[in-house]
Amino acid sequence: MIDYDKLIADKCREMKPSGIRKFFDLANAREGIISLGVGEPDFQTPWSVRQAAITSLERGRTKYTANKGLSELLQEISKKTEAQLGLKYDPDSEIIVTVGGSEGIDVAIRALVNPGDEVLVVEPCFVCYSPIVSLCGGVPVPVPTRAEDNFKLTPALLKERITSKTKLLILPFPNNPTGAVMTREDLEAIAEILDGTDILILSDEIYSSLTYGSEHVSIAQIGNMQERTILVNGFSKAYSMTGWRLGYIAAPAPLAKQMLKIHQYAIMCSPTMSQYAAVEALRSCDRDIEKMRAEYDQRRRWLVHALNRIGLDCFEPKGAFYVFPSIKSTGLSSEEFCETLLDKYSVAVVPGNAFGATGEGFIRISYAYSLKHIQTAVERIEKFASEIKKG
Amino acid sequence: MDTLLSLLKNNARLSVEELAAMTGMTAEETAAKIQEYEENGKIKGYRAVLGDDFSDTNSVTAFIEVKITPKADFGFDELAKKIMSFEEVDSVTLMAGSFDLAVTLSGTNYKEVALFVARRLSTLDGVISTSTHFVLKRYKDSGFVIDGESEDERSLVAP
């Protein structure tokens, strides 16, 4: 018998499965669950985008593209980035089309992190950063954000964690799971600390088109930060294209050149039909985005109001499609709360600690669902909350 | 359309408090705005959108294309007004295209609808011709899926 465990690379064996995975298994084992637990839009991909993919198939465009992506797509990404952020990226040397934002994150970390390098990971956050850093032999250093700061990264907490070994700051805003955004002023304070250092920034802006009440600002727009920023974005959240697996990285040419090598050996190129679809998305779907954003905004407002009414304190998230209420008043831990809610009321939400230790005491509720669905789930959460209060 | 109207159009059962939260207005402002819309006719009424009840054999809906001669001074309005005053008629719409008025109506059975068209609608002065179509099944109505709602294929929990 082969002892597989012995043969697996140490760093892979040591990698912990995502905390969400455990909850996913619990939820899946039950029937009749109402879920507010997903991290992907409920809208359909705009029809014209689907049509563009069908057309590309009909025309037989089923071959590899250039490693970095279709030139039409690279140009559209470049135009869009300039129009939205005022930042110029050369489509030939500074943009790579990746398999989702996820591949962009992976490639960026692998291109930068040497064993022993410290990587600052702003938490709570999406689950993939630290495991990839560890896989590269790097040391993930969590930088907590706090409810009292509206889950923004504060200069003080950042500064405390910078050492001579710090290589990279991972900055994920608008944030999954908290829904927090960083304003221009917030980012300026961060830029001031990084200016003059050798610390690079991986800015995961996958939710950039979903901000409410203010336009998204990227750290790359602040001062001379563009030269140290790898910007990750994609089509999943903005255009409701999660299954198409398409994202991109924009970065200074010397960094892009290195990352492209990894992309080239590991992936070759992103799916061709998805790339044709993405060209259409960038060219003609601004109105679809606007419509989706307006609807998310209404649900967001409804949900924040309802949660505060039933006594789960909830700061007003200004981005993404999550709210992150505190459940500390119930006296339960995040996992106890979520497991009991699942057991007794058949509602699935995600425990905050799945997104880092600082998420303890919170739960993530997604509003990528119809209002009717959200209302039904919240009715049940309300029953649960009032039952806890009674003791 | 303003946000309040579009919210009510999709779900008229949202409370004033909920509507206020969703639009960012105060509850008082929201209530006043709704009253204003009701008074100035921007809101005509509220109703439930029902699913198809196939066990109810005493109901049939027809869609009738009506061609008419417009009258000097009144255009299509006068005849439209006459048609909409019939109790059986649900909706009357002036159309561009190969006919003039689209009329929908409900009756208890095909015969009743047929007789209405033959005796009351076709005989109106100014009606040139009618073409009656019966509704077999609704798939979507007023923005609601009546039949064929697709299931949420997303997993229950995902990062």
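The structure this text deals with has already been given above.
Residues numbered from 1 in each chain as written. Chains lettered and ligands numbered in written order. Predicted model: local features only at pLDDT ≥ 70, side-chain atom pairs only at ≥ 80, totals over all residues.

Asker: How do you make sense of the packing of helix 12 (residues 286–309) of chain A against helix 2 (residues 16–23) of chain B when you look at a structure like this?
Answerer: A packed helix pair is summarised by two numbers, namely the angle formed by the two axes and the spacing between the axes. Where helix 12 of chain A meets helix 2 of chain B, the axes come as close as 7 Å, and the angle between the chain directions of the two elements is 125°. When the interaxial angle is binned, helix 12 of chain A and helix 2 of chain B end up oblique. Considering how the two elements wind past one another, helix 12 of chain A and helix 2 of chain B form a crossing that is right-handed. Across the interface between the two elements, Gln298(A), Arg301(A), Trp302(A) and His305(A) of helix 12 of chain A pack against Glu18(B), Ala21(B) and Met22(B) of helix 2 of chain B. Partitioning the contact of helix 12 of chain A with helix 2 of chain B into residue classes produces three nonpolar, two polar and two charged. (Axes fitted to C-alpha atoms, helices over the stretch in contact; angles between N-to-C directions. Helix = DSSP H or I, 4+ residues; strand = E, 2+ residues; numbered from the N terminus. Parallel < 35°, antiparallel > 145°, perpendicular 65-115°, else oblique. Left-handed = near helix turned anticlockwise from the far one by under 90°. Contact = placed C-beta atoms within 7 Å. Nonpolar A, V, L, I, M, F, W, Y, C, P; charged D, E, K, R; others polar.)

Asker: Which parts of the structure should I look at to understand the pairing of strand 1 (residues 60–68) of chain B?
Answerer: Along any regular strand the residues' side chains alternate between the sheet's two faces. Residues and elements named next belong to chain B. Here strand 1 runs beside strand 3 (residues 101–107); their pairing, made up of seven bridges, is antiparallel. What sits directly across from Ala62, in strand 3, is Leu105. Pairing between strand 1 and strand 4 (residues 127–134): seven bridges, direction antiparallel. Among the inter-strand pairings, Glu65 is bridged to a residue of strand 4, identified as Ser131. (Pairing = 2+ DSSP bridges.)

Asker: Looking at this structure, how should I read helix 2 of chain B?
Answerer: Among the residues of helix 2 of chain B, those classed as buried are Glu18(B), Leu19(B), Ala20(B), Ala21(B) and Met22(B). Where helix 2 of chain B is buried, its residues contact helix 12 of chain A together with helix 1 (3–10) and helix 3 (27–40) of chain B. Directly after helix 2 of chain B, the chain includes Gly24(B), whose backbone phi takes a positive value near 85°. (Buried ≥ 20, exposed ≤ 12 C-beta atoms within 10 Å, placed from the backbone.)

Asker: What exactly am I supposed to notice about the environment of Val66(B) here?
Answerer: All names here are of chain B. Of note, Val66 is situated in strand 1. Placed 64 residues apart in sequence, Val66 and Thr130 show a C-alpha to C-alpha distance of 4.5 Å. Leave out the neighbours within four places in its chain, and Val66 touches Phe99, Asp100, Leu101, Val103, Val127 and Thr130.

Asker: How should I be thinking about the pairing of strand 2 (residues 89–94) of chain B in this particular structure?
Answerer: All names here are of chain B. Bridge analysis of strand 2 against strand 3 gives five bridges, and the strand direction is antiparallel. Paired with Ser91 across the two strands is Thr104, which belongs to strand 3. Here strand 2 hands over to strand 3 after six residues, with Gly97 in that stretch at a positive phi of 130°.

So far we have only geometry, and geometry alone does not tell us how the molecule works.
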